[in-house]
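The chain contents come next:
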Amino acid sequence: MFRFRFCSFCAFLVQRLCGFGLYYWLIFHIFLPLSFFFALSFLSSFQQSPAASVGIKKIMEAYPDHFQKASENILIWKDGTQMVFDDGLQKSRQELLESPDLEDQLAMPYPKGENTPPPKKGEDAGRIRYEPFFRKMYGNTAAEVQQKLAEVVWLPKTLKIKLKVTTVNDIHKKITAISEALDEKPHLKKYLQNPAGTFNWRNISGTNRLSTHSFGMTIDLNVAHSHYWQWDSKSKDENISLVYRNQIPMEIVLIFEKYGFIWGGKWYHYDTMHFEYRPELL
Ligand SMILES: [Zn+2]
């Protein structure tokens, strides 16, 4: 004849509290342990990879038009495309530049605001970019990016220069707002005239990586008052020691940062004419 056997603790509990019976056996041996297991799983799903969930939230808030939801370590675009946030790999400095993931893109804090000291070696917040993210957002080819460009007038009162920038993330409206703010400051005109370019589908000099100028969300100011590490050092070697140089006034930088643009003058590998739209870092 079939007989149930109880562990001594359960037998004690059942005898004390409930008497014998199949229902109590099921409650103690199946239902309660399973409930406990599912409760633990549910709670732990909120606790795993806090860095991933914080980073994904940051990206979703910075670019509110593009994502539908995120799971544990995956960012999901509105069309269902999935992107892994953290590939879990440790990378060298060069590997971070050449094959980063979204986690690497966010890892280095950007020093927002004025009174930031000249960047030290290794401080290049924003130069690490997960290229598929930008291709997906702004266009995967030159033609795709071009379809989304709009014309804006750079400093409409004084310079009246026509520039083409992307409409994605309302960047044409943001550049217009920056332009109008700068137009009120005639003492800054020499830095703002002859802007060196916005949209240009090309690689970063000396690399196989696309420049953010390819995406129409970047502007270079007047070269005549700018400094670029490769020109000053006459080298494209990432490991070279540099002496920081800059003429661009902070007044300009603060206006760009207010609208979601980071400045290449805050990189050890400085590029002081360069502003790109990277609200996830601000
Ligand atoms: Zn540039």
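Our structure is the block above this text.
The numbering scheme is per chain: residues are counted from 1 as the chain's sequence reads. Given that the model is predicted, a residue must reach a pLDDT of at least 70 before its local features are reported, and side-chain atom pairs must reach 80 or more before they are shown or counted; all residues, however, enter totals for whole chains, interfaces and linings.

## Remarks on the overall build of the protein chain
When its secondary structure is counted, the protein chain shows 11 helices and nine strands. Each residue is classified by how many other C-beta atoms fall within 10 Å of its C-beta atom, where C-beta atoms are placed from the backbone; a count of 20 or more means buried, 12 or fewer means exposed, and values in between mean partly exposed. Counting all 282 residues of the protein chain, 28% fall into the buried class. For the protein chain, long-range pairs separated by at least 24 residues make up 58% of all intrachain contacts whose partners lie at least 6 apart in sequence. A run of H or I in DSSP becomes a helix once it reaches four residues, and a run of E becomes a strand once it reaches two; helices and strands are each numbered from the N terminus. We call two residues in contact when the distance between their C-beta atoms, placed using the backbone, is within 7 Å.

## Quick notes on the sheet that holds strand β7 (residues 218–222)
Reading across the sheet, the four strands line up as β6-β7-β9-β8 and stay open at both edges, with antiparallel pairing between neighbours. A strand with exactly one partner marks an edge of an open sheet, and here the two such strands are β6 (195–197) and β8 (261–263). Going across the sheet, the axis of each strand differs from the next one's by a mean of 30 degrees, ignoring polarity. In the sheet, β6 pairs with β7 via two bridges, with the strands oriented antiparallel. If you follow Pro195 over to β7, its bridge partner there is Asn222. Pairing between strands requires that DSSP locate at least two bridges from one strand to the other. Fitting a line to C-alpha atoms yields each axis, with helices limited to the stretch in contact; the angle taken between N-to-C directions then spans 0 to 180 degrees.

## A look at helix α8 (residues 171–183)
Multiply 1.5 Å by the residue count of a helix minus one, and that product is the helix's expected span. Over its 13 residues, α8 runs 18 Å from end to end, which matches the ideal 18 Å to within 8%, given 1.5 Å per residue. Looking only at α8, the buried set comprises Ile171, His172, Lys174, Ile175, Ile178, Ser179 and Leu182. Seen end-on, α8 carries its buried residues on one side only, within an arc spanning 160 degrees. Along its buried surface, α8 packs onto β4 (149–154), β5 (161–166), α9 (189–192), β7, α11 (250–258) and β9 (274–277). An arc is given here, and it is the one of the directions from the helix axis to the C-beta atoms.

## Quick look at the nonpolar core
Nonpolar cores are built from buried Ala, Val, Leu, Ile, Met, Phe, Trp, Tyr and Cys residues. These are joined into a set through C-beta atoms within 7 Å. Residues Leu102, Val165 and Phe256 are the most contacted members of the largest nonpolar core, which totals 42 residues. Setting aside anything within four residues of it in sequence, one finds Leu102 in contact with Gly55, Ile59, Leu75, Met83, Phe85, Tyr130 and Phe133.

## Brief notes about α11
When α11 is considered as a whole, its buried residues turn out to be Ile252, Val253, Phe256 and Glu257. Along the axis of α11, the buried positions cluster into a sector of 130 degrees, meaning they face one direction only. Phi for Gly260, located one or two positions after α11, is positive at around 95 degrees.

## Re the environment of Asn169
Along the chain, Asn169 falls in the loop between β5 and α8. Here Asn169 falls in the partly exposed class, since 19 other C-beta atoms lie within 10 Å of it. Sequence spacing of Asn169 and Ala62 is 107 residues, and the spatial spacing of their C-alpha atoms is 9.6 Å. Here Asn169 is in contact with Tyr63, Asp65 and Tyr277, once residues within four sequence places are set aside.

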